[in-house]
Amino acid sequence: MQADRIYNFNPGPAALPLPVLEEIQESFLNYAGSGMSVIEISHRSSEFEAIINDAITRIRRLLSLDDDWHVLFIQGGASTQFCMIPMNLLGRGDTADYVDTGTWSTKAIKEARLLDKSVRVPASSEDRNYCYIPKNIEFDPNAVFAHITTNNTIKGTQWADMPDTGGVPLVADMSSDIMSRPVDMKKFGLVYAGAQKNIGPAGVCLVLIHRKMLDRVPDGLPSMLKYTTFSAKNSLYNTPPSFAIYTVQLVLKWIEETVGGLEKLEAVNRQKAALLYDFIDNGDFYRSTADADSRSLMNVTFRLPDESMETLFVEQALENGLGGLKGHRSVGGCRASIYNPTPMAAVEALVDFMKDFEKRAG
Ligand SMILES: *Cc1c(COP(=O)(O)O)cnc(C)c1O
């Protein structure tokens, strides 16, 4: 770690791989011999075309996407997808199933209903404050899609396996676990992910859409809210967030060339999460908030004996070079976000600090 950088456990925007930040810094004033910064070049230039196409090629390779899949970069964050999905995929008489696993799924349901779409909620974990992932869900075989949030950033839960929908295509918000593990994309019709958790900075949302879903898009939508606008123009209909896409390209290159792919990344992610959960489970000072079989490998949520201790914990952690450990304001407590770029050393340093804090306060 560089002497003046801290270990960053922020939930998003979040830590990025140091080699990526260094590469950006090194090439910042003169990108690829252009004599201009990457943020000064035209989005129509051959340099930028190479960036966006390389990012798309890497995504296709990492997730084994065939030509039926379109890879799109859209602004407005994952939150804009909450309305774009029902606008584009649900016509009159169509229905969709949405599983409610907390904050982000709840918002996705709310936005679809605002548009007067027919949305059914076949399962919810609201009864226990969203501390688990529902099981044995009966999906509507006639639904156009079944929507899930694969990782619940705020509640600290994650789908360990994708649900059996009986062939109904999954539409998934993967904002906080995209590229953290291999996934079988055959089960999906659409996947979206705000870049700022696992694969880049804020400002761009990655959307993967299958041709069968793209075929559903009606003509009458505003251009910027219509998937076909982006698929027809390789996400270059208007000026894209070029710096964000460039950073995503570098993170993908880091995953492929430095880490060695999604299997390797998942193995490291599992080790990081296991170290933290095992430590929490082995004592009674810290308490995990999610059911053991539903725990997130990305966002580890936990409580201390009381709120004043939690405040002190977050403060003292920062004084010790460990930042971003406060839980989301809607749930309180503490949360360590340990996305792809977070190194094992950061989690080891956190566990050491937690031991020390417990000794002093416990
Ligand atoms: C952060 C987050 C969002 C919101 O993303 P924005 O890009 O801020 O709109 C949506 N879903 C999940 C799962 C998230 O973690």
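Residues numbered from 1 in each chain as written. Predicted model: local features only at pLDDT ≥ 70, side-chain atom pairs only at ≥ 80, totals over all residues. Heavy atoms only, no water.

(A) Representation of the site of the ligand within the structure. Of all residues adjacent to the ligand, which total 13 residues, the nearest are Ser 79, Thr 153, Asp 173, Gln 196 and Lys 197. Within the side chain of Ser 79, an N or O atom sits 2.6 Å from an oxygen atom of the ligand. Between an oxygen atom of the ligand and a side-chain N or O atom of Gln 196, the distance comes to 2.9 Å. Among the elements that take part in the shell around the ligand, helix 3 (residues 77–89) stands out by supplying 4 residues, more than any other. Residues that form the shell around the ligand fall into these classes: 3 nonpolar, 8 polar and 2 charged. (Near = heavy atom within 4 Å. Polar contact = N/O pair within 3.5 Å; in protein donor to acceptor, adjacent residues only side chain to side chain. Helix = DSSP H or I, 4+ residues; strand = E, 2+ residues; numbered from the N terminus. Nonpolar A, V, L, I, M, F, W, Y, C, P; charged D, E, K, R; others polar.)

(B) Structural view of the pattern of salt bridges. For the structure on display, the rule yields 17 salt bridges. Two residues, Arg 211 and Asp 68, come together in a salt bridge whose shortest N-O distance is 3.0 Å. Residue Arg 211 is located in helix 5 (residues 211–214), and its partner Asp 68 is located in the loop between helix 2 (46–63) and strand 2 (69–74); the two are separated by 143 residues in the primary sequence. For Asp 215, the salt bridge identified is with Arg 211, shortest N-O distance 3.8 Å. (Salt bridge = Lys/Arg side-chain N within 4 Å of Asp/Glu carboxyl O.)

(C) Summary view of empty space enclosed by the protein. As enumerated under the stated definition, the model contains 1 cavity of 30 Å³ or more in all. In this model, the largest cavity occupies a volume close to 30 Å³. Around the largest cavity sit Leu 63, Met 174, Asp 177, Ile 178, Met 179, Ser 180, Arg 181 and Val 183, which together line it. (1 Å grid on protein atoms, 1.4 Å probe; cavity = no way out; pocket = protein on both sides within 12 Å on 5 of 7 lines; lining within 4 Å. Points joined across faces, edges and corners; volume = space filled by probe spheres on them.)

(D) Main features of the side chain of Ser 180. Residue position: Ser 180 is located in the loop between strand 8 (170–173) and strand 9 (188–194). A polar contact of 2.7 Å, which involves the side chain of Ser 180, links it to the backbone oxygen of Asp 177. Setting aside chain neighbours within four positions, we find Ser 180 in contact with Gln 158, Leu 265, Glu 266, Asn 269, Met 298 and Asn 340. (Contact = heavy atoms within 4.5 Å.)

(E) Structural context of the packing of aromatic side chains. Taken as a whole and judged by the stated rule, the model has 14 aromatic pairs. Consider the rings of Tyr 286 and Phe 302, whose centres lie 6.0 Å apart with planes at 80 degrees: the pair is edge-to-face. Linking Tyr 286 in the loop between helix 8 (262–281) and strand 11 (287–288) with Phe 302 in strand 12 (residues 299–303), this pair joins segments that are 16 residues apart in sequence. For the pair Tyr 286 and Phe 302, one class covers both residues: buried. When the ring of Phe 302 is compared with that of Phe 313, the centres are 5.9 Å apart and the planes differ by 90 degrees; the resulting orientation is edge-to-face. Here the residue Phe 302 occupies a position in strand 12, and Phe 313 occupies one in helix 9 (residues 307–319), the gap between them amounting to 11 residues. Residue classification places Phe 302 among the buried residues on the basis of a relative accessible area of 0%. Assessed through its relative accessible area of 0%, Phe 313 is described here as buried. The structure contains a cluster of three or more aromatic residues connected by ring pairs, namely Phe 279, Phe 285, Tyr 286, Phe 302, Phe 313, Phe 353 and Phe 357. (Phe/Tyr/Trp six-rings, centres within 6.5 Å; stacked < 30°, edge-to-face > 60°. Buried < 20%, exposed > 50% of the residue type's maximum accessible area, 1.4 Å probe, protein only.)

(F) Up close: the pairing of strand 8. Side chains of strand 8 alternate between two faces, with Leu 170 and Ala 172 and Val 171 and Asp 173 buried alike. Relative to strand 8, strand 5 (residues 146–149) runs parallel, the two sharing 4 bridges. If you follow Ile 148 over to strand 8, its bridge partner there is Ala 172. In this sheet, strand 9 lies alongside strand 8 in parallel orientation, the contact comprising 4 bridges. Looking across to strand 9, one finds that Asp 173 is bridged to Tyr 192. (Pairing = 2+ DSSP bridges.)

(G) Here's a closer look at the sheet that holds strand 2. Read from one edge to the other, the open sheet built from 7 strands follows the order 2-10-9-8-5-3-4, with strand pairing classed as mixed. Two strands lie at the open edges of the sheet, namely strand 2 and strand 4 (118–120), each paired on one side alone. Ignoring which end each strand starts from, the neighbouring axes of this sheet average 20 degrees apart. Of the pairings in the sheet, the one linking strand 3 (residues 95–98) to strand 4 comprises 3 bridges and is parallel in character. Within strand 4, the position partnered with Thr 95 by the bridge is Ser 118. (Axes fitted to C-alpha atoms, helices over the stretch in contact; angles between N-to-C directions.)

(H) Spotlight on the packing of helix 9 against helix 10 (residues 344–361). Here helix 9 crosses helix 10 at 130 degrees, and the two axes come no closer than 11 Å. One way to sum up the angle between helix 9 and helix 10 is to call them oblique. Once helix 9 is placed against helix 10, the crossing between them reads as right-handed. Judged by residue contacts, Met 309, Leu 312, Phe 313, Gln 316 and Ala 317 of helix 9 engage Leu 350, Phe 353, Met 354, Phe 357, Arg 360 and Ala 361 from helix 10. When the residues that make up the contact of helix 9 with helix 10 are grouped by side-chain class, the tally is 9 nonpolar, 1 polar and 1 charged. (Parallel < 35°, antiparallel > 145°, perpendicular 65-115°, else oblique. Left-handed = near helix turned anticlockwise from the far one by under 90°.)

(I) Focus on the layout of surface pockets. When its volume is computed, the largest pocket comes out at roughly 490 Å³. Lining the largest pocket we find 29 residues, and of these Trp 69, Asp 184, Met 185, Lys 186 and Lys 187 sit closest to its centre. If you list the elements that add at least two residues to the lining of the largest pocket, you get helix 2, strand 9, helix 5 and helix 8. Here the lining of the largest pocket is composed, by residue class, of 15 nonpolar, 7 polar and 7 charged.

(J) Up close: the domain arrangement of the protein chain. Structurally, the protein chain comprises domain 1 (21–258) and domain 2 (261–361). Placing a centre on the C-alpha atoms of domain 1 and another on those of domain 2 gives a separation of 27 Å. For the pair domain 1 and domain 2, the two sides together bury roughly 2100 Å², of which 52% comes from carbon and sulfur. At the junction of domain 1 with domain 2, the criterion picks out 2 salt bridges. With its nearest N and O atoms 2.9 Å apart, the salt bridge here joins Arg 128 to Asp 291. Seen at the junction of domain 1 and domain 2, the total is 14 residue pairs in polar contact (both at pLDDT 80 or more). Put simply, the parts of the chain that give the side of domain 1 that touches domain 2 at least two residues each are helix 2, strand 7 (157–158) and helix 7 (242–259). The biggest single contributor to the side of domain 1 that touches domain 2 is helix 7, with 3 residues. Taken together, the residues of the side of domain 1 that touches domain 2 break down into 11 nonpolar, 8 polar and 7 charged. (Domains from an automatic or database assignment. Buried area = accessible area lost by both parts, 1.4 Å probe.)

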